[in-house]
Amino acid sequence: MPTSSQANLLAGFAVTRCSRRRQQEYFVSALCRGKIMILKEKDAFFGAGERGFYGHKQEQDVAFHLRREFGTSEQVRIIHDLLIEHDGERAQIDHLVIHPYGFIIIESKSIVGEVQVNAEGEWSRSYKGNWTGIPSPIRQAELQQDLLKELLRDNVEHLLGKLLGIQTQVGHREWRALCAISSTAILHRKQMPKDVADKVVKTEFVAKKVKELVGSLRGGLFKGRARFSAHELENLGVFLLEHMASLQTGSNPVDQPSAVQEPDMQAAPLSEPVPAISEPSSNTSAPASSLLTCKLCGKIDHLTDMYGKYGYYVKCGSCSTNTSMKQPCPACGWKSVKVAKDGASYTATCQKCAHQYLVYRQEAGRA
């Protein structure tokens with residue numbers, strides 16, 4: 001029989017995620033069996049274009065291998081496409097593995113051609129004989145890891161128990177980041193730094209690598225490995241799913257300002273094959289207020305442009321809320337955009353369709 005917290009979680013999903021009927025049906029089936037291993041399945045693909053299609057297919061392949069290995073494990077929980085937000089930052093994790101000793105974050109990348117990583121950890125890939133630099137997916141996973149760790153740390157009293165009267169923590173648990181690369185890619189492992197090579201794995205070996213990192217699920221305490229209890233594993237899974245549902249429905253807005261979204265690590269799409277990119281639109285005549293308003297009070301005036309650790313944003317002079325300038329592309333709805341400043345104007349470029357649009361223009365005298 002499902003526990004009370006699992007039943008409450010299902011009820012919450014029935015209200016907040018009613019459009020995801022397939023996911024609900026899976027939860028019903030899992031809860032009736034009294035166990036949930038894959039806490040959230042991979043989202044369906046509703047995008048357009050070959051880049052998005054092959055990127056999604058790569059993530060589906062990784063999800064398949066993880067399910068085949070851990071789908072019946074009672075000590076491993078898996079969440080695909082996990083959306084998190086904390087202290088003004090937002091990120092989406094392709095695959096999160098929660099096990100008795102910690103967490104493994106997996107970033108999936110669809111890449112055709114050769115992949116090299118230099119001594120500084122900088123990535124490059126070739127396609128049809130042309131080499132280009134690309135953002136490090138390992139670094140991207142590490143940034144997601146840091147954000148997840150902060151989110152859990154600030155809610156730890158609701159998730160973990162106490163040991164000898166002292167609240168246990170998540171920071172000292174085992175945290176690992178991996179990158180799952182397309183099976184068709186050619187990896188130059190011998191030239192990679194060892195710490196990078198150890199974190200890069202081809203799709204068909206991702207489950208094996210995760211199993212190696214998790215290690216034996218017996219006797220962890222006697223081997224000096226802090227271990228989550230079954231109840232704590234359940235708490236972690238329920239908390240993350242409810243947290244994500246609140247972000248998607250807006251039912252529980254965070255108190256902290258969402259100043260920026262996930263760092264722009266998708267500046268160079270890696271999907272296979274690579275189609276020709278259309279010429280950027282030159283239409284930047286839209287007023288700044290049409291795309292950028294305060295996310296809390298909705299006002300379009302009294303905004304001041306700012307720059308932080310993860311990019312450009314505006315600060316509202318009325319309610320002091322921060323709002324990211326990384327607004328979704330008005331042409332295709334894609335959320336991965338790159339913002340550039342030119343004087344008082346801020347222009348975004350969509351990383352999917354290459355559409356350019358004016359996001360914000362600073363009023364004279366407010367800089």
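Now for a look at the structure at hand. Because the structure is a prediction, the values reported are computed rather than measured.

### Observations regarding the overall build of the protein chain
Next up, step 1: Along its length, the protein chain carries 7 helices and 18 strands.
Next up, step 2: Here the protein chain, with 367 residues, has 48% of them falling under the buried criterion.
Next up, step 3: Intrachain contacts of the protein chain at a sequence separation of at least 6 include 61% that bridge at least 24 residues.
Next up, step 4: Approximately 18,100 Å² of the protein chain is accessible, and the part contributed by carbon and sulfur atoms is 52%.

### Structural notes on unusual backbone geometry
For residues besides glycine, phi is generally negative; the peptide bonds are generally trans as well.
Next up, step 1: Although it is not a glycine, Asp-81 adopts a positive phi angle of roughly 55 degrees.
Next up, step 2: Relative to the elements of secondary structure, Asp-81 occurs in strand E2 (residues 77–86).
Next up, step 3: Exposure remark for Asp-81: the relative accessible area of 3% places this residue in the buried category.
Next up, step 4: With a phi angle near 55 degrees, Asp-87 is a residue other than glycine that sits in the positive phi range.
Next up, step 5: With respect to the helices, strands and loops of the structure, Asp-87 is situated in the loop between E2 and strand E3 (89–99).
Next up, step 6: Residue classification places Asp-87 among the partly exposed positions, given a relative accessible area of 44%.

### Some remarks on the side chain of Asp-81
Next up, step 1: Looking at Asp-81, its side chain comes within polar contact range of the side chain of Lys-42, at 2.8 Å.
Next up, step 2: Those residues in contact with Asp-81 that sit more than four places away from it in its chain are Lys-40, Lys-42, Asp-43, Glu-59, Gln-92, Ile-93, Asp-94 and Met-244.

### Overview of the state of the cysteines
Next up, step 1: Throughout the structure, instances matching the rule amount to 0 disulfides.
Next up, step 2: Cysteine Cys-294 shares no disulfide, and the gap to the nearest cysteine sulfur, in Cys-319, comes to 3.5 Å.
Next up, step 3: Taking the relative accessible area as the measure of exposure, Cys-294 reaches 2% and is therefore buried.

### Some words on the sheet that holds strand E16 (residues 337–342)
By way of backbone hydrogen bonds, the strands of a sheet pair with one another, either parallel or antiparallel.
Next up, step 1: Read from one edge of the open sheet, 3 strands run E16-E17-E18, paired in antiparallel fashion. Every interior strand has two partners, whereas the edge strands, E16 and strand E18 (356–361), have only one. Between one strand axis and the next, the sheet turns through 30 degrees on average, direction left out of account.
Next up, step 2: As paired elements, E16 and strand E17 (residues 345–350) share 6 bridges and run antiparallel to each other.

### Describing the sheet that holds strand E4 (residues 102–109)
Next up, step 1: With respect to topology, 6 strands assemble into an open sheet ordered E1-E2-E3-E4-E10-E12, the strand pairing being mixed. Strands with a single pairing partner mark the edges of an open sheet, and in this sheet they are strand E1 (38–40) and strand E12 (200–202). Between one strand and the next, the sheet's axes are offset by a mean angle of 40 degrees, whatever the strand orientation.
Next up, step 2: In the packing of helix H3 (residues 50–70) onto the sheet, the strands contacted are E1, E2, E3, E4 and strand E10 (174–181), and the crossing angle to E4 comes to about 145 degrees.
Next up, step 3: Across the sheet, helix H4 (residues 137–153) is in contact with E2, E3, E4, E10 and E12; its angle to E10 comes to roughly 145 degrees.

### Considering the packing of H4 against helix H7 (residues 230–249)
The axes of two packed helices give the description: the angle between them and the distance between them.
Next up, step 1: Across the interface, H4 lies against H7 with an axial gap of 12 Å and an inter-helix angle of 105 degrees. Relative to H7, the element H4 is oriented roughly perpendicular. Facing Leu-148, Leu-151 and Leu-152 of H4, the residues of H7 in contact are Leu-236, Phe-239, Leu-240 and His-243.
Next up, step 2: When its residues are assigned to classes, the contact of H4 with H7 shows 6 nonpolar, 1 polar and no charged.

### As for the pairing of strand E5 (residues 114–117)
Within a regular beta strand, the side chains point alternately toward one face of the sheet and then the other, so they alternate between its two faces.
Next up, step 1: Here E5 shows a clear split, with Val-115 and Val-117 buried on one side and none of Glu-114 and Gln-116 buried on the other.
Next up, step 2: The pairing of E5 with strand E11 (residues 186–187) spans 2 bridges and is classified as parallel. Paired with Glu-114 across the two strands is Ile-186, which belongs to E11.
Next up, step 3: Relative to strand E6 (residues 123–127), E5 is paired through 3 bridges, and the arrangement is antiparallel. Along E6, the bridge assignment pairs Gln-116 with Ser-124.
Next up, step 4: The turn linking E5 back onto E6 is made up of 5 residues, and Gly-121 within it adopts a positive phi angle of 85 degrees.

### Thoughts on the pattern of salt bridges
Next up, step 1: Scanning the entire structure with this criterion turns up 12 salt bridges.
Next up, step 2: Close ionic contact of Glu-85 with Arg-90 constitutes a salt bridge, the shortest N to O distance being 2.6 Å.
Next up, step 3: Overall, the relative accessible area of 3% leaves Glu-85 in the buried class.
Next up, step 4: Overall, the relative accessible area of 23% leaves Arg-90 in the partly exposed class.
Next up, step 5: Salt-bridge contacts for Arg-225 lead to Glu-174; the nearest nitrogen and oxygen are separated by 2.7 Å. Of the two residues, Arg-225 sits in the loop between helix H6 (206–214) and H7 while Glu-174 sits in strand E10, which places them 51 residues apart along the sequence.
Next up, step 6: Residue Arg-225 is classed as buried on the basis of its relative accessible area of 17%.
Next up, step 7: Among the charged side chains, a network of salt bridges with common partners joins Lys-42, Glu-59 and Asp-81.

### Structural notes on the environment of Gln-92
Next up, step 1: Among the structural elements, Gln-92 can be located in strand E3.
Next up, step 2: A residue is classified by how much of its surface remains accessible, and Gln-92, at 36% relative accessible area, is partly exposed.

Cut-offs and rules
Residues numbered from 1 in each chain as written. Predicted model: local features only at pLDDT ≥ 70, side-chain atom pairs only at ≥ 80, totals over all residues. Heavy atoms only, no water. Helix = DSSP H or I, 4+ residues; strand = E, 2+ residues; numbered from the N terminus. Buried < 20%, exposed > 50% of the residue type's maximum accessible area, 1.4 Å probe, protein only. Contact = heavy atoms within 4.5 Å. Areas by Shrake-Rupley, 256 points an atom, 1.4 Å probe, with all protein chains shown as cover. Polar contact = N/O pair within 3.5 Å; in protein donor to acceptor, adjacent residues only side chain to side chain. Disulfide = S-S within 2.5 Å. Pairing = 2+ DSSP bridges. Axes fitted to C-alpha atoms, helices over the stretch in contact; angles between N-to-C directions. Parallel < 35°, antiparallel > 145°, perpendicular 65-115°, else oblique. Nonpolar A, V, L, I, M, F, W, Y, C, P; charged D, E, K, R; others polar. Salt bridge = Lys/Arg side-chain N within 4 Å of Asp/Glu carboxyl O.

By themselves, these figures tell us nothing about what the structure is for.
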